[in-house]
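Structure at a glance
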Amino acid sequence: MPKLPKLARLDHEYVWHPFTQMRDWVKSEPIVISEAKGATLRDHHGKEYLDGNSSIWTNIHGHNHPVLNRALRKQSQKIAHSSALGFANEPAALLAEQLVRSARITTRHKDFQNPRLQKVFYSDDGSTALEVAVKLSYQSTLRNRPKTKPRFLTIDGAYHGDTVGAVSIGHIDLFHKAYSGLLFKSDKVMAPYCYRCPFNRAKPERADARDYRKCNWECIGKVEQTFNKADRAKSPFTAFSYEPLMQGAAGMIPQPKGWLHRVAQLTRGHNCHLIADEVMTGFGRCNDSSKLYASHQEGVQPDFLCLAKGLSGGYLPMAATLTTLSVFDSFLGEYEEFKTFFHGHSYFGNQLGSAVSLASMKLLAQKKSQSQRDSLRKNLRRDLKALWNLPQIGDIRQVGNVVGIELVKDWRTRKPFDLREQVGIRVCNAMAKRGVLTRPIGSVIAIMPPYCTTRAQVRKMISALYDAVAESLPPA
């Protein structure tokens, strides 16, 4: 390998990258990102790339946004940070009010009642947002039902973060098995993975598997059986955690319309909390433009709404867990009762993060942003159709502005590639050479651009993916 530029050499010498096999990393020169604007990134050589996954699902409005820049500069001239232990601050209070307002839902159901979210607990990232929800659900359940041992239920393939509590409710062996000795046990139900569902009797077609599936909602029956079994054992579940509409790290697995509503009805019927992991799906990613949260698309309000990634528009580490007065009240008492929620972070409610998040929320409410989200969704749907011409495309899954393209050896049999073949990595490397950056999930290519991505930029992303698949995976 030729002599590396200074920044690349320093990275190889000192930086340990997440979710990265470092033995492979140091074999080639890394792309060192130096600046960005809108949906375009630029490396230290001056080469430009399109941001195909919003910098790991965070940058929703685009890079170097003037409104967010201005909010950050304005707040930095006042104060960057002060402790939330014993003190309040202006931007955190204003943001909390805005988050609670944004999470209101007017949907009413005959079969279950939606709670009202009224309290906000801040943290640093998606993992900690879920960690907070797990702890709050655990403690509030113990205080209201002291003889009940808390149990958590989640979806097969779930990924909720990397802290110990979040890992405990995760079910991806590749990520989580190494920590099994540290974790508490949680249960899982089958994911509604229509493309590979054992109950789907439909033969493969050149379309999203949800559109041609043939089943009798056996996946819902499995959830009901799990709840009933727990009740018979007198060991009911405390909370059911889920990613609404689309499971991200599981491989961009979408839920067929109606699945979440049905599961929520079962969960409410068994007096169980709902924990919505909207770290990826929130802030308009998976919805029509009238809604910010994916759960609301199916008329479901969780007891815990976990937010991060896009909360600050991709600018600063910022997360929030919204919950109900019922949960909040279970922590109230006299000082000597020590009912305090003993959990927190040094940067809780950080002023810079809160200020830029507040500006991001205001952008989301504007008609321009709503129009961008609608246009992006339509442009993606239009251009993705061309990929069906490739025999290595097994399934194309789009929910709002989130897309997963599953690569297979044979679309007629759904035969998968072995993970060791590094199919996703090879395709993404070929896309990078064509000026588009994204990251695979196994053999699934994720496409999730910033909302400002233009029609021409979408066309370039999908064209680069098409050519990269054709080059990297020649048909047998």
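You'll find the structure just up there.
Calculation criteria
Residues numbered from 1 in each chain as written. Predicted model: local features only at pLDDT ≥ 70, side-chain atom pairs only at ≥ 80, totals over all residues. Heavy atoms only, no water. Phe/Tyr/Trp six-rings, centres within 6.5 Å; stacked < 30°, edge-to-face > 60°. Helix = DSSP H or I, 4+ residues; strand = E, 2+ residues; numbered from the N terminus. Buried < 20%, exposed > 50% of the residue type's maximum accessible area, 1.4 Å probe, protein only. Patch = residues over 30% accessible without salt bridge, like charges linked within 9 Å, V, L, I, M, F, W, Y side chains within 5 Å. Areas by Shrake-Rupley, 256 points an atom, 1.4 Å probe, with all protein chains shown as cover. Salt bridge = Lys/Arg side-chain N within 4 Å of Asp/Glu carboxyl O. Lys, Arg positive; Asp, Glu negative; His and termini not counted. Charge placed at Lys NZ, Arg CZ, Asp CG, Glu CD. Pairing = 2+ DSSP bridges. Axes fitted to C-alpha atoms, helices over the stretch in contact; angles between N-to-C directions. Arc of directions from axis to C-beta. Contact = heavy atoms within 4.5 Å.

A short note on the packing of aromatic side chains
Under the counting rule described, the total for this entry stands at 12 aromatic pairs. With a centroid separation of 5.0 Å and an interplanar angle of 80°, the aromatic rings of F121 and F348 are classed as edge-to-face. Highlighted residues: F121 in strand β4 (residues 117-123) and F348 in the loop between α13 (325-329) and α14 (351-365), separated in sequence by 227 residues. Per residue, the accessibility class of F121 equals that of F348, and both read buried. For the pair Y159 and F175, a centre-to-centre distance of 5.8 Å together with 80° between the ring planes defines the contact as edge-to-face.

Quick word on a positive patch on the surface
Together, K378, R381, R382, K385 and R459 make up a positively charged patch on the protein surface. Top element by residues in the positive patch is helix α15 (residues 367-384). It accounts for 3 residues. For R382, a relative accessible area of 42% puts it in the partly exposed group.

Observations regarding the pairing of strand β18 (residues 444-447)
Residues V444 and A446 line one face of β18 and the alternating positions I445 and I447 line the opposite face, and both faces are buried. By the bridge criterion, 4 bridges tie strand β14 (residues 402-410) to β18 in an arrangement that is antiparallel. The residue bridging I405 from the neighbouring strand is I445, located in β18. Both strand β17 (residues 440-441) and β18 contribute to a ladder of 2 bridges, which runs antiparallel. Paired with P440 across the bridge in β18 is I445. The loop that links β17 with its antiparallel partner β18 comprises 2 residues; one of these, G442, has a positive phi angle of about 65°.

Describing the pattern of salt bridges
Oppositely charged side chains may form a pair once their charged atoms are brought near each other. All chains considered together, the criterion is met by 17 salt bridges. Between E48 and R42 there is a salt bridge; the shortest N-O distance is 2.3 Å. Its relative accessible area of 26% is what places R42 among the partly exposed residues. For the salt bridge of E471 with R434, the shortest nitrogen-to-oxygen distance reads 2.8 Å. Pair noted here: E471 is in helix α17 (residues 455-472) and R434 is in the loop between α16 (423-433) and β16 (436-437), with a separation of 37 residues, a long-range link. In this structure R434 comes out as partly exposed when scored by relative accessible area, which is 28%. It is possible to trace a salt-bridge network through shared partners that takes in R196, D395, R397 and E406.

Some remarks on unusual backbone geometry
Apart from glycine, the bulk of residues carry a negative phi angle, and the bulk of peptide bonds sit in the trans form. Look at L245: it is not a glycine, yet its phi comes out positive at around 70°. Considering the arrangement of structural elements, one finds L245 in the loop between β7 (239-242) and β8 (246-247). Of note, F338 is a non-glycine position whose phi angle comes to about 50°, a positive value. Relative to the elements of secondary structure, F338 occurs in the loop between α13 and α14. Note on F338: relative accessible area 48%, which makes it partly exposed.

A closer look at the sheet that holds β7
Sheets are built from strands paired through backbone hydrogen bonds, the pairs being either parallel or antiparallel. Taken together, 7 strands build an open sheet; the order of strands is β4-β12-β11-β10-β7-β5-β6 and the sheet is mixed. Each end of this open sheet is capped by a strand with a single partner; those strands are β4 and β6 (187-189). Strand-to-strand twist in this sheet, taken as the mean axis angle between neighbours without regard to direction, amounts to 20°. Bridging between strand β5 (residues 152-155) and β7 involves 2 bridges; their strand directions are parallel. Of the residues in β7, the one forming a bridge with F152 is A239.

With respect to helix α4 (residues 66-76)
Within α4 the residues assigned to the buried category are L68, N69, A71 and Q75. The buried residues of α4 occupy an angular sector of 165° when the element is viewed end-on, so they sit on one face. Where the residues of α4 are buried, they touch α5 (90-102) and α14.

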